[in-house]
Amino acid sequence: MKHPARIAVPGPAGQIGYSILFRLASGAMLGPDQPVSLTLLERPNPTSSAALKGVMMELDDCAFPTLAEMKAVRDPAEAFDGAEYVFLIGARPRGPGMERADLLEANASIFETQGRALNEAASRNVKVLVVGNPCNTNAYIAYHHAPNLDPKCFSAMMRLDANRAVAQLAEKTQKPVCSIQGVRVWGNHSNSMYPDITAATIAGTAATELVDEAWYNDYFLPTVATRGGAIIKARGKSSAASAASAAIDHMRDWWNGSDGRVVTMAVPSDGSYGIPEGIVCGMPVICTGNGNYEIVKDIEFTAAGRARLDKTVAELVKESETVAPLIAE
Ligand code: NDP
């Protein structure tokens, strides 16, 4: 029998946790022949402990052949011991009257603690996907506190934004999702993101030939950027199943390779496109297998595209400046 893949999940008792754990346990990420070991980092409060206990009972009841082991722990270093795949989902939600800077600060201590524990305990080739918001800057904080790990072990989730962009194009053109390639989302997982279809194709035809500019500017861009808010308005809760699904897409492609396809990941910038080195920015990458990826280079921007990229990057730079005192040695 294969050695179980070690997956760690902080924030397992929330909405996304409730969706992702069943898919991880069933082999949706690593396939039906790969057993998995799940370590769930719970918070020491009776409500979430009880909720997590119930989730674990349900996982047991699924009798997934791929779920080899499962445990709940409270110590981050124990949770990340030998971890190969880590989904950092738990985060402090934005409370009433809380400014974005307060949210960044509140989350900084969570992601500092988790970065340090990953540094100490995780596999040296660990793949860490930050989902908890503000995810780009949380990933930035986490990798700064993990100096013995390659920053390329850390990424943040913008795959949901990319999936939303693909879904909108599919609906507009009435073409299947699988015929759409090359959509990319740049920048921050916030309303400032830049969903870019200049290189996208739909069944081999340039997307820009199939949709007009007015639709792109006036409908597509705001719809993709504010989709999270629209979901909250519609169902009274934030996106959870779609976020869990995107997290699985992200990690599966990152580890297995994207088969030459361009996918969107928020990764530490290498300075390409003038994006300041180190900030965790949504970018087009090709995953080359075994957890490696390459940022797609030599992309030409339209003037409007460049302005959108600059705007979202400026927001990320501002966030990195806000947390700078918190990551100083
Ligand atoms: P929930 O509120 O349902 O769950 C949040 C989880 O975070 C719970 O497990 C909660 O633990 C934990 N948590 C809350 N406060 C803290 C804290 N101070 N320290 C550590 N853990 C904490 O949220 P969701 O599962 O719906 O979403 C999780 C995160 O993912 C959010 O930050 C959300 O904004 C983000 N998100 C990101 C997306 C992306 O595309 N990048 C898309 C959708 C969501 P407890 O049970 O003990 O309260």
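Scoring rules and cut-offs
Residues numbered from 1 in each chain as written. Predicted model: local features only at pLDDT ≥ 70, side-chain atom pairs only at ≥ 80, totals over all residues. Heavy atoms only, no water. Axes fitted to C-alpha atoms, helices over the stretch in contact; angles between N-to-C directions. Helix = DSSP H or I, 4+ residues; strand = E, 2+ residues; numbered from the N terminus. Parallel < 35°, antiparallel > 145°, perpendicular 65-115°, else oblique. Left-handed = near helix turned anticlockwise from the far one by under 90°. Contact = heavy atoms within 4.5 Å. Disulfide = S-S within 2.5 Å. Salt bridge = Lys/Arg side-chain N within 4 Å of Asp/Glu carboxyl O. Buried < 20%, exposed > 50% of the residue type's maximum accessible area, 1.4 Å probe, protein only. Pairing = 2+ DSSP bridges. Phe/Tyr/Trp six-rings, centres within 6.5 Å; stacked < 30°, edge-to-face > 60°. Lys NZ or Arg CZ within 6 Å of the ring centre and 35° of its normal.

**Q** I'd like a description of the packing of helix H4 (residues 100-121) against helix H11 (residues 303-327), backed by residues and values.
**A** Two elements in contact, H4 and H11, have axes separated by 10 Å at closest approach and are oriented at 50 degrees. With respect to H11, the element H4 is oriented oblique. Once H4 is placed against H11, the crossing between them reads as right-handed. Across the interface between the two elements, Arg100, Ala101, Leu104, Glu105, Ala108 and Glu112 from H4 touch Glu319, Thr322, Val323 and Leu326 from H11.

**Q** So, the state of the cysteines: which residues are in play, and what are the values?
**A** By the definition in use, this model includes zero disulfides. Free of any disulfide, Cys281 has its nearest neighbouring cysteine sulfur in Cys135, separated by 11 Å.

**Q** If you had to explain the pattern of salt bridges to someone new, which residues and values would you point to?
**A** When their charged atoms lie close together, side chains carrying opposite charge are able to pair. A full pass over the atoms with the stated rule returns ten salt bridges. Two residues, Arg116 and Glu112, come together in a salt bridge whose shortest N-O distance is 2.9 Å. Here Arg116 and its partner Glu112 are both found in helix H4, four residues apart, which amounts to about one turn of the helix. Relative accessible area serves as the criterion here: at 24%, Glu112 is assigned to the partly exposed category. In this structure, the salt-bridge partner of Arg261 is Asp253, at a minimum N-O distance of 3.5 Å. Among the charged side chains, a salt-bridge network with shared partners connects Arg159, Asp249, Arg252, Asp253 and Arg261.

**Q** I'd love a proper account of the pairing of strand S3 (residues 67-73), names of residues and values included.
**A** Taken together, the six bridges between strand S2 (residues 36-41) and S3 define a ladder with parallel strand orientation. By the bridge assignment, Ser37 is partnered in S3 with Glu69.

**Q** Break down the packing of aromatic side chains for me, citing the residues and quoting the values.
**A** The tally for this structure, following the rule as stated, stands at ten aromatic pairs. Ring geometry for Trp215 against Phe220: centres 5.3 Å apart, planes inclined by 40 degrees, an arrangement best described as tilted. When its relative accessible area of 11% is taken as the criterion, Trp215 is described as buried. Members of the aromatic cluster, each reached through a chain of ring pairs, are Trp215, Tyr216, Tyr219 and Phe220. Taking NZ or CZ as reference, Lys152 lies 4.5 Å from the ring centre of Tyr293, over its face. If you follow Arg306 out to its NZ or CZ, it ends over the ring of Phe301, 5.4 Å from the centre.

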